[in-house]
Amino acid sequence: AQTVTQSQPEMSVQEAETVTLSCTYDTSESDYYLFWYKQPPSRQMILVIRQEAYKQQNATENRFSVNFQKAAKSFSLKISDSQLGDAAMYFCAYWPGSARQLTFGSGTQLTVLP
Amino acid sequence: EAGVTQFPSHSVIEKGQTVTLRCDPISGHDNLYWYRRVMGKEIKFLLHFVKESKQDESGMPNNRFLAERTGGTYSTLKVQPAELEDSGVYFCASRKGGSVEQYFGPGTRLTVT
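Below you will find a few notes about this structure. (Residues numbered from 1 in each chain as written. Chains lettered and ligands numbered in written order. Predicted model: local features only at pLDDT ≥ 70, side-chain atom pairs only at ≥ 80, totals over all residues. Heavy atoms only, no water.)

**Concerning the overall build of chain B**
Reasoning step 1: Scanning chain B for helices and strands turns up 0 helices and 11 strands.
Reasoning step 2: Secondary structure elements of chain B occur, N-terminal to C-terminal, as β-β-β-β-β-β-β-β-β-β-β.
Reasoning step 3: For 113 residues, the compact-globule estimate of 2.2 N^0.38 gives 13 Å, and the C-alpha radius of gyration of chain B, at 13 Å, lies within 12% of that figure.
Reasoning step 4: Expressed along its principal axes, the backbone C-alpha trace of chain B runs to roughly 40 × 25 × 25 Å.
Reasoning step 5: Within chain B, buried positions represent 46% of all 113 residues. (Helix = DSSP H or I, 4+ residues; strand = E, 2+ residues; numbered from the N terminus. Rg over C-alpha atoms; globule rule 2.2 N^0.38 Å. Buried < 20%, exposed > 50% of the residue type's maximum accessible area, 1.4 Å probe, protein only.)

Structure follows, in structure tokens:
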């Protein structure tokens, strides 16, 4: 069975600084997708960034980028130039594709300090 | 385009009562998922519909939970009778066939007292 582990329950970062959230996963599949979702307080979860396992190039979306290490089964999220609006719970998720479900980590609560 | 909506946003019920949660997916999304997050833990899969058919209900905790998706549109999740351990946030997500992203609703926070 697939598992996703987020070892940092809480993280904090100073505004304008950079922070990295960690995620590791376990799977025997060779093709899959990895996601980072963001859930701000009392708001719905939105997709921040996704990575296809077959792509070697790390995904980037503006200030958000990932460090995908397939052999190590690691998928960390880097947030550059942190903003107050980045404060949220961040979930790492794994999807093997097809008609199957997402598997989530337990989340990392990110606080951005002014 | 309207997003995934869920109703109610909050529900507080007593142990033994019945609660029905509703999810309206994005129009045209055949795939509908239910997930649940209990306090401080992972978001766990409950079940997956493709149109009106249950594709996978392996995550349903027990037979007190009943999910339906009438006509392949909105879905309901009924808990009867509710127990204390059912408390948590219930998320619904939808996905268009052939695409990757699941779009989440805001969740329903269920408190069983």
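**Here's the deal with the interface of chain B and chain A**
Reasoning step 1: Contacts between the two partners involve 20 residues from chain B and, on the opposite side, 19 residues from chain A.
Reasoning step 2: In total, chain B and chain A occlude about 1,700 Å² of area from one another, counting both sides; carbon and sulfur atoms represent 60% of this.
Reasoning step 3: Three residues stand out in chain B for area buried against chain A, namely B:Ile43, B:Val100 and B:Phe104, and they jointly supply 36% of the buried area on that side.
Reasoning step 4: Inspection of the region where chain B meets chain A yields 0 salt bridges.
Reasoning step 5: Between chain B and chain A we count 4 residue pairs in polar contact (both at pLDDT 80 or more) in total. (Contact = heavy atoms within 4.5 Å. Buried area = accessible area lost by both parts, 1.4 Å probe. Salt bridge = Lys/Arg side-chain N within 4 Å of Asp/Glu carboxyl O. Polar contact = N/O pair within 3.5 Å; in protein donor to acceptor, adjacent residues only side chain to side chain.)

**Overview of the environment of B:Ser99**
Residues and elements named next belong to chain B.
Reasoning step 1: Residue placement: serine 99 occurs in the loop between strand 9 (88–95) and strand 10 (103–104).
Reasoning step 2: C-alpha of serine 99 to C-alpha of histidine 29: the two residues are 70 residues apart in sequence and 9.8 Å apart in space.
Reasoning step 3: For serine 99, the side chain forms a polar contact with the main-chain oxygen of lysine 96, separated by 2.6 Å.

**Re the sheet that holds strand 7 (residues 65–68) of chain B**
Residues and elements named next belong to chain B.
Reasoning step 1: Judged by pairing direction, the sheet is antiparallel, and its 4 strands sit side by side in the order 1-3-8-7 without closing on themselves. With one partner strand each, in any of the chains shown, strand 1 (5–7) and strand 7 form the two edges of the open sheet. Across this sheet, the average inter-strand angle for adjacent strands is 15°, counted without regard to direction. (Pairing = 2+ DSSP bridges. Axes fitted to C-alpha atoms, helices over the stretch in contact; angles between N-to-C directions.)

**Some thoughts on the packing of aromatic side chains**
Two aromatic rings, taken as a pair, are described by how far apart their centres are and by the angle between their planes.
Reasoning step 1: With the rule as written, the count across this model stands at 18 aromatic pairs over all chains.
Reasoning step 2: Centre to centre, the rings of A:Phe68 and A:Phe75 are 6.4 Å apart; their planes meet at 80°, and the pair counts as edge-to-face. As far as burial versus exposure is concerned, A:Phe68 and A:Phe75 are alike and both buried.
Reasoning step 3: With centroids separated by 6.1 Å and ring planes inclined at 25°, the aromatic side chains of B:Tyr33 and B:Tyr35 adopt a geometry described as stacked. When sorted by exposure, B:Tyr33 lands in the same class as B:Tyr35, which is buried.
Reasoning step 4: The ring centre of B:Tyr74 lies 3.8 Å from the NZ or CZ of B:Arg22, which sits over that ring. (Phe/Tyr/Trp six-rings, centres within 6.5 Å; stacked < 30°, edge-to-face > 60°. Lys NZ or Arg CZ within 6 Å of the ring centre and 35° of its normal.)

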